[in-house]
Amino acid sequence: MNASINVTSADSSNSGSPVLHAALDPAHSGDQEDSPESHGADSQEHHPYLSRRAMSKTSFAAEQAFVNSMFDKQDEQEHDAQASRGKGVQTSEPTTPHSILMSQRLGQAHADAVLPQLSPRVAPHRVEQLKASSPRAPAHADHSKMPPLSLDGADKEGDEEDMQGRRLEHELRQMMMQAETDGTQELAGMVESTQELQRIGRAFRRCMRLRTKYMKTSLQRESDNPRNQRGWKIYPPAPQPAWRNYREPSSTAATPNFSMSECEIPGKDPMAFRMVDGVFAVFDREAQFSQAPSMKEFFSDLDYLLDTISDGPIKTWAFRRLRYLDARWQLYVLLNEREETMQSKMVPHRDLYNVRKVDVHVHLAAAMNQKHLLRFIKYKLKTEPDREVILRDGRVLTLREVFASLNLTAYDLSIDTLDMHAHKGAYHRFDKFNLKYNPVGESRLREIFMKTDNYIHGEYFAQLTKEVSADLEQSKYQMAEYRISIYGRAMDEWDKLAAWVVDNQVFSHNVRWLIQVPRLYNVYRASGAVGSFAEVLDNLFRPLYEVTQDPGSHPKLHVFLQRVIGFDSVDDESKPERRLHKKFPAPQEWTHAENPPYSYYCYFTMANLCALNQWRARRGFSTFVFRPHSGEAGDTEHLAAAFLSSQSISHGILLRKVPALQYLYYLLQIGLAMSPLSNNALFLVYERNPFNTYFQRGLNVALSTDDPLQFHFTKEPLMEEYSVAAQIWKYSSVDMCELAMNSVIQSGFEAEVKRHWIGRDYLETGQTEVHKTNVPLCRLKYRSKTLEQELSLIAKMVGGDCSSDEDEA
């Protein structure tokens, strides 16, 4: 359905600009929401920031050609619309509010006239191919050849102080353009030897290619996942947008509840699988279908990466590039702060509270705050005191008897009694931090209220989880990816977890799942639960291969896996790792009590995901990614292993000590889900946290909560994380909206959902939409242009093109 409206310039008395006509894109009309009815087409009020004078005062839109194209261009549609109005023709189609339409037209015109957006997650050459194949492909404009800021016209109407400021801005912009265009002198000034430059460039290029190789083999790129293809069915379906065509409320039909009978269970696949040296392989008849890198290949590549990032000249060069990114950001803020504010005000409805935010790193056992848990425990103690809840020493105890054994009543309980905050006594003491998961210091209360596999089959924990999910749904714009544990001690853990989710209907449109695997082989080996590391791998992955081969063998697990994003590897990274072997043994030979190193866990997780994802993609099932905890403490080798094996990581604060690796994380835009409040309590005080430095340099960072039960106080811990960061680092609304956009990009929600949240063509072209994210075009242009220049710099150093190495989309 198309709808046309007439927009008159807010400054028409001075500019004399004609009436502007716009058509509503039918594909776009159903994709918006939450626009107030007061913004209807009949309103005569116009957006205050859309006057010719205001537009001419913005830095990127100062060119007369661009301004004139926005306010003076007439086409056949305008004449047709005027003729229709002259004849009194009325349309009953819903219309778009002026402010929304103008912000869309402004964004499209700027993207067409100045510079197409380039996503950090899409290779530059891939964007050019996509845009070249489009009938509306705009010409690529060179930022270095843009005309300088105009100082005539409307600018001369300003006062003398404003004119002086603009002259200074003009001089700074000229300096910035000169620095961008003079690439040869920049290269010559970095190091003296051309051969040294070539060696550094080739080293970076090879490291980028190594990561690309593993991401392609394990199918961890977004475009590899069938769930991101158009037409993927999400069940239960997501709720409809609250508003249609920006002004009409959408249908109020309730979203159907989950029903197991409505789930489609595919048949059995004839392919077979078996484990070979700790890695599962899939066979089509007698031929091996799956491919996975060998352990020797992975550790050889890891050694090369470690040698590269520890090389003296490479570290110096990377450090200088990172310092350059710092200086470039400061110059950008100086030149564009006013421009960003202008563009942000032109976006209707959206602000920090009304853009989507995903908590991409939060553990389910600590997803609630202390007050919520306390209130739930008191309620159950008052309403179900005689409920049998736990088996101890061959005797079943009721809830009343459990608290009587602790000499506690409901009246005695308080936040201080629970004692679950980790603000004191847990700094560099991960063992004490783990004890904070026990209410009142008692593991039996944790088993009753915070476990999925217990005497009551996790009923209380399911109720708690549904209450937390309901809070997210009420806030509407906050999502979460909850991490829940699979230990690898027994083969039936997957079926028990899937039954807990399906039987208790722990489903929410705002929630997706990650499986966290604790690195506790040494504990299982000491207790006799397993005899070798191969048994842990078998318990972890065999049920997944079985359900992929025949979903009917584990129907609940098949349904649950549709909302599982991937795997996490968790434990205390500060534990020392002793290299006992020059060559690591195979998992079936790892029978001694020592825990395998972090890189060993990373390799076997990634290698088993290779065959599993290849098989699931062939069957049209969703695939999984690897997103481990890395760089929170311990050896920086963990970050190198994660660089090769994982899609993104959590924490990453130790990247500040490895400039070459940090530069690689920037070039490939690997996601970092950081939790400054968690780090402040455990490993690094808040003011020393490198999050702000990473953000300014352009790394793909997002804020997350980690453990709200231990570190936060409010009902909305994610907003608490944003508010503290904004206060400490003086973030603007644009900064926080960019962080929110990064969290959506890092998340594992389906592409169809992301298109609604940040941009209709996000997955195909990497472009986000300003009226969905509230991130101004000038900020997106700066990020993409800076990344493009760094990749071009590497290409110049080796005399080739590095864009193919960046094809991570």
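Being a predicted model, the structure only gives us computed values, none of them experimental.

## Here we look at the overall build of the protein
Line of reasoning, step 1. When helices and strands are counted, the protein shows 34 helices and 18 strands.
Line of reasoning, step 2. Every one of the 809 residues in the protein was classed for burial, and the buried ones make up 59%.
Line of reasoning, step 3. If you sum the accessible surface of the protein, you get close to 33300 Å²; carbon and sulfur atoms cover 49% of it.

## Comments concerning the packing of aromatic side chains
By convention here, two paired aromatic rings are described through the distance between centres and the angle between planes.
Line of reasoning, step 1. Taken as a whole and judged by the stated rule, the model has 47 aromatic pairs.
Line of reasoning, step 2. Centre to centre, the rings of Phe-299 and Tyr-603 are 6.4 Å apart; their planes meet at 50°, and the pair counts as tilted. A residue pair is termed long-range when its members are at least 10 positions apart, and Phe-299 in helix α11 (residues 295-309) and Tyr-603 in helix α23 (residues 598-619) qualify at 304 residues. Taken individually, Phe-299 and Tyr-603 each receive the classification buried, so the pair is uniform in this respect.
Line of reasoning, step 3. Geometrically, the ring pair formed by Phe-567 and Phe-624 is edge-to-face, given 5.9 Å between the ring centres and 90° between the ring planes. Of the two residues, Phe-567 sits in strand β13 (residues 564-570) while Phe-624 sits in the loop between α23 and β14 (625-626), which places them 57 residues apart along the sequence.

## Focus: the pattern of salt bridges
Line of reasoning, step 1. In the structure shown here, the tally under the stated rule is 37 salt bridges.
Line of reasoning, step 2. Close ionic contact of Arg-618 with Asp-284 constitutes a salt bridge, the shortest N to O distance being 3.7 Å. Here Arg-618 is found in helix α23, whereas its partner Asp-284 is found in strand β6 (residues 279-284), with 334 residues between them in sequence.
Line of reasoning, step 3. Given the relative accessible area of 48%, Arg-618 is considered partly exposed.
Line of reasoning, step 4. The exposure class of Asp-284 is partly exposed, given its relative accessible area of 28%.
Line of reasoning, step 5. Here the residues in one salt-bridge network are Glu-340, Asp-735, Glu-738, Arg-779 and Arg-783, joined through shared partners.

## Here's the deal with helix α19 (residues 493-503)
Line of reasoning, step 1. Considered for burial, the residues of α19 that qualify are Glu-493, Trp-494, Leu-497, Ala-498, Trp-500, Val-501 and Val-502.
Line of reasoning, step 2. Residues of α19 that are buried sit in contact with α18 (459-475), β11 (478-485), β12 (511-518), α21 (533-549), α22 (555-561) and β13.
Line of reasoning, step 3. Two residues or fewer after α19 comes Gln-505, characterised by a positive phi angle close to 50°.

## Let's talk about the nonpolar core
Line of reasoning, step 1. Formed by 193 residues in total, the largest nonpolar core has its most connected members in Phe-560, Leu-661 and Tyr-665.
Line of reasoning, step 2. Apart from residues no more than four positions distant in its own chain, Phe-560 is found in contact with Trp-494, Leu-497, Ala-498, Val-501, Trp-513 and Ile-515.

## Some points on the sheet that holds β6
Line of reasoning, step 1. On the basis of which strands lie adjacent, the open sheet formed by 3 strands has the order β5-β6-β7 and antiparallel pairing. At either margin of the open sheet sits one strand with a lone partner, and together these are β5 (272-276) and β7 (287-288).

## Looking at the confidence of the model for the protein
Line of reasoning, step 1. Taken over all residues, the pLDDT of the protein has a mean of 80, while the share at 70 or more is 73%.
Line of reasoning, step 2. Low pLDDT, under 50, characterises residues 1-77; the stretch is placed with 186 contacts to residues that sit more than four places away or in other chains.
Line of reasoning, step 3. Segment residues 113-124 is flagged for pLDDT under 50; beyond a separation of four residues in sequence, or across chains, it makes 49 contacts in the model.

## Focus on the sheet that holds strand β16 (residues 648-651)
Strand pairing in a sheet takes place through backbone hydrogen bonds and is either antiparallel or parallel in direction.
Line of reasoning, step 1. Sheet architecture is open: 4 strands sit in the order β15-β16-β17-β18, paired in parallel fashion. The open sheet has two edge strands with one neighbour each: β15 (629-630) and β18 (701-703).
Line of reasoning, step 2. Bridge count between β16 and strand β17 (residues 671-674): 3 bridges; the pairing is parallel. Bridge pairing links Ser-648 to Gly-671 in β17.
Line of reasoning, step 3. Against the sheet, helix α30 (residues 733-746) contacts β17 and β18, and its axis sits at roughly 105° relative to β18.

## Quick word on the environment of Ser-646
Line of reasoning, step 1. Note on placement: Ser-646 falls in the loop between α24 (637-645) and β16.
Line of reasoning, step 2. Residue classification places Ser-646 among the buried positions, given a relative accessible area of 0%.
Line of reasoning, step 3. Sequence separation between Ser-646 and Asp-568 is 78 residues; the distance between their C-alpha atoms is 9.5 Å.
Line of reasoning, step 4. Sequence-distant contacts of Ser-646, defined by excluding residues within four places in its chain, comprise Arg-211, Met-215, Gln-220, Phe-626 and Pro-628.
Line of reasoning, step 5. In terms of polar contacts, Ser-646 uses its side chain to reach the backbone carbonyl oxygen of Ala-642, at 2.5 Å.

## Description of the pairing of β17
Consecutive side chains of a regular strand alternate in pointing toward one face of the sheet and then the other.
Line of reasoning, step 1. Residues Gly-671 and Ala-673 of β17 are buried on one face, and the alternating residues Leu-672 and Met-674, pointing to the opposite face, are buried as well.
Line of reasoning, step 2. The β-α-β motif built from β16, the intervening helix α25 (residues 659-667) and the parallel element β17 has right-handed crossover chirality.
Line of reasoning, step 3. With 3 bridges connecting them, β17 and β18 associate as parallel partners. Looking across to β18, one finds that Met-674 is bridged to Leu-703.

Cut-off values and rules
Residues numbered from 1 in each chain as written. Predicted model: local features only at pLDDT ≥ 70, side-chain atom pairs only at ≥ 80, totals over all residues. Heavy atoms only, no water. Helix = DSSP H or I, 4+ residues; strand = E, 2+ residues; numbered from the N terminus. Buried < 20%, exposed > 50% of the residue type's maximum accessible area, 1.4 Å probe, protein only. Areas by Shrake-Rupley, 256 points an atom, 1.4 Å probe, with all protein chains shown as cover. Phe/Tyr/Trp six-rings, centres within 6.5 Å; stacked < 30°, edge-to-face > 60°. Salt bridge = Lys/Arg side-chain N within 4 Å of Asp/Glu carboxyl O. Contact = heavy atoms within 4.5 Å. Core = buried A, V, L, I, M, F, W, Y, C linked by side-chain atoms within 4.5 Å. Pairing = 2+ DSSP bridges. pLDDT = per-residue confidence, 0-100. Axes fitted to C-alpha atoms, helices over the stretch in contact; angles between N-to-C directions. Polar contact = N/O pair within 3.5 Å; in protein donor to acceptor, adjacent residues only side chain to side chain. Right-handed = clockwise from strand over helix to strand, strands pointing away.

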